[in-house]
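Each chain is listed here by its residues.
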Amino acid sequence: MKKLLLIVTVILFASCQNTVDSKLSDDVIKSVLKDKAVKLQDAILNQNLEEFNKYVDVNIPFSTGDSNLSEFYIMNSERFDVEQLVEWDSFDLYDINVSLMQDSKTAVLTFYARGEYRPFELMEWEGEIDKYFPLDEPVKYNTRASSVWVYTKDDWKIVHSNWAPINGGVGIP
């Protein structure tokens, strides 16, 4: 129990640090990055701009490619003003693998994502706008992804991500 408490304490301490502490093990850094990747994705799905801003640096563009295989774009606060056309029932990142570069200031994460979403259209009915869900069943989302994170003076920040349907999987519309 003491070992578990010590590990949790070290992870929490590491996630609050503003500099890469050479005394932190690579395992602790990897754990912190896995947690940040999940929290960033939650912030994007929930359109939580305040939380999203914790994981991006205004001086470093965050480029991304969605699982619909469209062109790469810059993910920033302006993207939070875009009307979403899907409603997520569930979303989960799993099997997150972190590869640290030798200086422990750059990391590549590879992972998978699964979930379910329902596409909708906005319809006007008797003067009110409502969501219309044309599908009877939700779409089963299943992708593979990667992201690149760098350590800045302000903590770990994402600089790039790429999503693509896994073999036999479905991405976003």
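Located above this text is the structure these notes cover.
Residues take numbers from 1 onward in each chain, read along the sequence in its written order. Local features in this predicted model are restricted to residues whose pLDDT is 70 or higher, and side-chain atom pairs enter the listing and the counts only when it is 80 or higher, whereas totals over whole chains, interfaces and linings include all residues. The side-chain figures draw on all heavy atoms in the structure; neither hydrogens nor water molecules are used.

S.K.: When you look at the environment of F52 in this model, what are you seeing that I'm missing?
M.R.: Counting from the N terminus, the helices are DSSP H or I runs at least four residues long and the strands are E runs at least two residues long. With respect to the helices, strands and loops of the structure, F52 is situated in helix α3 (residues 49-52). Taking the C-alpha atoms as reference points, F52 and F80, 28 residues apart in sequence, are found 9.9 Å from one another. Residue contacts follow a heavy-atom distance rule, with two residues in contact if any of their heavy atoms lie within 4.5 Å. Non-local contacts of F52, meaning those with residues more than four positions away in its chain, are made with L40, A43, I44, F62, M75, N76, S77 and F80.

S.K.: Please explain the pairing of strand β6 (residues 128-132) as it appears in this structure.
M.R.: Put simply, side chains in a regular strand alternate between the two faces of the sheet. Among the five residues that make up β6, zero are buried, leaving the element largely open to the surroundings. Looking at chain direction, strand β5 (residues 121-125) and β6 are connected through five bridges and run antiparallel. Note that in β6 the partner of W125 across the bridge is E128. In short, DSSP must find at least two bridges between two strands for them to pair. Hairpin connection between β5 and β6: a loop of two residues separates the two successive antiparallel strands, and E126 in this loop has a positive phi of roughly 55°. When a residue's accessible area, from a 1.4 Å probe over protein chains only, is under 20% of the maximum for its type it is buried; when over 50% it is exposed; and in between it is partly exposed.

S.K.: What is the right way to look at the packing of aromatic side chains in this model?
M.R.: The aromatic pairing rule takes the rings of Phe, Tyr and Trp, using the six-membered ring of Trp, and pairs them if the centres are within 6.5 Å, calling planes under 30 degrees apart stacked, those over 60 edge-to-face and the rest tilted. All chains considered together, the criterion is met by 12 aromatic pairs. A network of ring pairs unites the aromatic residues W88, F91, F111, Y117, Y141 and W163 as a single cluster. Comment: the charge-over-ring label is applied if NZ (Lys) or CZ (Arg) is within 6 Å of the ring centre and within 35 degrees of the ring normal. The lysine or arginine in question, R114, covers the ring of Y94, its NZ or CZ lying 3.8 Å from the ring centre. Its end group placed over the ring of F133, R118 keeps NZ or CZ at 4.3 Å from the ring centre.

S.K.: Sorry if this is basic, but what is going on with the sheet that holds strand β3 (residues 86-100) here?
M.R.: Each strand in a sheet pairs with another by means of backbone hydrogen bonds, the pair being arranged parallel or else antiparallel. Taken together, the six strands give an open sheet; going across it, the order is β2-β1-β8-β7-β4-β3, and neighbouring strands pair in mixed fashion. Two strands in the sheet have a free side with no partner beyond their single neighbour: β2 (73-74) and β3. The angle between two axes is taken between their N-to-C directions and runs from 0 to 180 degrees, where each axis is a line fitted to C-alpha atoms and a helix contributes only its stretch in contact. Against the sheet, helix α2 (residues 26-45) touches β3, β4 (106-119), β7 (139-152) and β8 (155-165), its axis set at about 160° to β3.

S.K.: Please clarify how the pattern of salt bridges should be interpreted in this entry.
M.R.: Close approach of charged atoms allows side chains with opposite charge to pair. The working definition used for a salt bridge is a side-chain nitrogen of Lys or Arg within 4 Å of a carboxyl oxygen of Asp or Glu. Taken as a whole, this structure holds nine salt bridges when the rule is applied. Across the salt bridge formed by E87 and K131, the nearest N and O atoms sit 2.8 Å from each other. Of the two residues, E87 sits in strand β3 while K131 sits in strand β6, which places them 44 residues apart along the sequence. On the basis of relative accessibility, which here comes to 25%, the residue E87 falls in the partly exposed class. The partly exposed category is assigned to K131, whose relative accessible area is 37%. For the salt bridge of R118 with D89, the shortest nitrogen-to-oxygen distance reads 3.3 Å. Highlighted residues: R118 in strand β4 and D89 in strand β3, separated in sequence by 29 residues.

Function-wise, these values are silent; they only describe arrangement.
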